[in-house]
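Listed below are the residues making up each chain.
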Amino acid sequence: MPYLEISSKNFSYNYQTILQKLAPKEPEKIAIVLKDNAYGHGILEVATLANKAKIQTAFVKNIQEALGIAPLFKDITILYPNSLLNAKDLENALKIPHLSFCVPSLESLQSYPENTNIALKIDSGMHRNGIAKEQLQEALTIIQARNLHLKGIFTHNGYGDDLSSAFYVQNMEFLEIKKEALRLCEHFKIPRPQFHSLSSSGAMRASVFNASLPRELQDDLFRIGIAFYGYNCSALNQPKLKPIASLYANKISSLKLKKGASIGYSGVSKTKGGSISSYDIGYGDGLFRLREGMEIYTAEGYRILPRASMDCISIESDAPKVCVFNDVSAFAKAFETIPYEILVHLHAYIPRVVV
Ligand SMILES: *Cc1c(COP(=O)(O)O)cnc(C)c1O
């Protein structure tokens, strides 16, 4: 059976690094993003580590994720409450006082009952989810009329990874949104909600700018995902982090082959001679499918031979167990994608073992 080992030591290291960089004296500003099964790492396992580290605020994808970790945090925001809708779960979630529902449109404001906690999403230039700044007044009118609790006003800066001025333009736009929100909250006598806009790379870039703003205009939270998992995906020089997940697979069978023997589908790999073994993880388990032309090695330095199969991979090794990766950067590079995508695909049924 394959398994994903989660390093509590690396998690703590990443948290300390994030905290020192972003808000050494204000740990309550660091929120952890646990959506999509904690980016494939196992939501309960990572939530438990976060709870031990006294992190109080979490962001999840859907209601089911929120219900699963509700006792471990003081505040949880559900980013996509409609993504896996189930009437009974919704009813249960609405009863939990520390859950908030992300609202990305005026129409969805109308769908929640009185007293629901909501986090209002505003578009600040990414042009993806959220209401326009010009709709803020209408949104607050509805919030007041329907007696909803406005817990947060937030946006997502989509340029944190890029060396371009668009990042700063979006930050300035959110600043204007915050000013307008404060003015409207005062008018409607709604308490100031929490403001937040930055994910890992953006927060690392803009925490100093944020701290330079008057207190009431500062972001109250940084929504940190990938940095907790140990990756820095930005073009900028940022603190070194340590990947927390290592994927292990166990041997299924072994053959001693002559030099030049071909292996697997269409025989695209030829051995140099020696032991070749198959191991129990494949693309059916969510590991991307290695194919001809790709050169990837296990953490021990054994070559993983293309093509990968649905339930197994062949490796130039006869070790009983191999570490398929302890850092997905090489996989991300080979597949021309980002670490997020490789990690998030690992099936939830692969056991997660925290060490
Ligand atoms: C995924 C997500 C984040 C976290 O992004 P990272 O780059 O992983 O830090 C923050 N905010 C929102 C709204 C997200 O969807």
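Residues numbered from 1 in each chain as written. Predicted model: local features only at pLDDT ≥ 70, side-chain atom pairs only at ≥ 80, totals over all residues. Heavy atoms only, no water.

## Concerning the overall build of the protein
- From N to C terminus, the protein includes 12 helices and 18 strands.
- Over its C-alpha atoms, taken along the principal directions, the protein stretches across nearly 80 × 45 × 35 Å.
- Across the 355 residues in the protein, those meeting the buried criterion constitute 51%.
- In the protein, once contacts between residues fewer than 6 apart in sequence are set aside, the share between residues at least 24 apart is 66%.
- When the accessible surface of the protein is summed, it comes to about 16300 Å², and 53% of that surface belongs to carbon and sulfur atoms.
- Distance between charge centroids for the protein: 6 Å, based on 39 positive and 34 negative side chains. (Helix = DSSP H or I, 4+ residues; strand = E, 2+ residues; numbered from the N terminus. Buried < 20%, exposed > 50% of the residue type's maximum accessible area, 1.4 Å probe, protein only. Contact = heavy atoms within 4.5 Å. Areas by Shrake-Rupley, 256 points an atom, 1.4 Å probe, with all protein chains shown as cover. Lys, Arg positive; Asp, Glu negative; His and termini not counted. Charge placed at Lys NZ, Arg CZ, Asp CG, Glu CD.)

## Considerations on the packing of helix 1 (residues 8–22) against helix 9 (residues 200–212)
- For the pair helix 1 and helix 9, the least separation of the axes is 9 Å and the interaxial angle reads 30 degrees. On the basis of their axis angle, the class for helix 1 and helix 9 is roughly parallel. Contact with helix 1, carried on its side by Ile 18, Lys 21 and Leu 22, involves Ala 203, Met 204 and Ser 207 of helix 9 and no other residues of that element.
- Here the contact of helix 1 with helix 9 is composed, by residue class, of 4 nonpolar, 1 polar and 1 charged. (Axes fitted to C-alpha atoms, helices over the stretch in contact; angles between N-to-C directions. Parallel < 35°, antiparallel > 145°, perpendicular 65-115°, else oblique. Nonpolar A, V, L, I, M, F, W, Y, C, P; charged D, E, K, R; others polar.)

## Re the sheet that holds strand 3 (residues 57–60)
- Pairing is parallel in the open sheet, where 8 strands are placed in the order 8-7-6-5-4-3-2-9. The open sheet has two edge strands with one neighbour each: strand 8 (194–196) and strand 9 (222–224). Ignoring which end each strand starts from, the neighbouring axes of this sheet average 25 degrees apart.
- Both strand 2 (residues 30–33) and strand 3 contribute to a ladder of 3 bridges, which runs parallel. Paired with Ala 31 across the two strands is Thr 57, which belongs to strand 3.
- Of the strands in this sheet, strand 2 and strand 9 touch helix 1, which is tilted by about 135 degrees from strand 2. (Pairing = 2+ DSSP bridges.)

## A short note on the pairing of strand 13 (residues 274–279)
- With 5 of its 6 residues buried, strand 13 lies for the most part within the structure.
- As defined by bridge partners, strand 10 (residues 245–257) adjoins strand 13 across 6 bridges and the pair is classed as antiparallel. Opposite Lys 251, over in strand 13, you have Tyr 279 as the bridge partner.
- Summarising the sheet, strand 13 and strand 16 (residues 313–315) pair through 3 bridges and their orientation is antiparallel. Bridge pairing in strand 16 links Tyr 279 to Ile 313.

## Notes on the packing of helix 7 (residues 136–145) against helix 8 (residues 166–188)
- The interhelical angle for the contact between helix 7 and helix 8, taken along N-to-C directions, is 35 degrees, at an axis separation of 10 Å. Helix 8 is crossed by helix 7, and the crossing has right-handed handedness. Packed against helix 7, whose contacting residues are Leu 136, Gln 137, Leu 140, Thr 141 and Gln 144, the element helix 8 presents Ile 177, Glu 180, Ala 181, Leu 184, Cys 185 and Phe 188 at the interface.
- Here the contact of helix 7 with helix 8 is built from residues that sort into 7 nonpolar, 3 polar and 1 charged. (Left-handed = near helix turned anticlockwise from the far one by under 90°.)

## A closer look at the pattern of salt bridges
- Considering all chains together, one arrives at 11 salt bridges under this definition.
- Of the charged contacts, one joins Glu 26 and Arg 215 as a salt bridge, the two residues approaching to 3.5 Å between their closest N and O atoms. Taken as a pair, Glu 26 in the loop between helix 1 and strand 2 and Arg 215 in the loop between helix 9 and strand 9 lie far apart in primary sequence, 189 residues in all.
- The salt bridge involving Glu 292 is made with Arg 307; its shortest N-O contact spans 2.8 Å. Of this pair, Glu 292 sits in the loop between strand 13 and strand 14 (296–297) while Arg 307 sits in the loop between strand 15 (303–305) and strand 16, and the two are 15 residues apart along the sequence.
- Among the residues examined, Glu 292 registers a relative accessible area of 41% and is labelled partly exposed.
- Here Arg 307 falls in the partly exposed class, since its relative accessible area comes to 22%. (Salt bridge = Lys/Arg side-chain N within 4 Å of Asp/Glu carboxyl O.)

## Concerning the state of the cysteines
- Going through the model one piece at a time under the given rule, you end up with 0 disulfides.
- With no disulfide of its own, Cys 233 has Cys 323 as its nearest cysteine by sulfur position, at a separation of 19 Å.
- By relative accessible area, Cys 233 is classed as partly exposed at 24%.
- No disulfide involves Cys 312; its sulfur sits 18 Å from that of Cys 323, the nearest cysteine.
- With relative accessibility at 24%, the residue Cys 312 sits in the partly exposed group. (Disulfide = S-S within 2.5 Å.)

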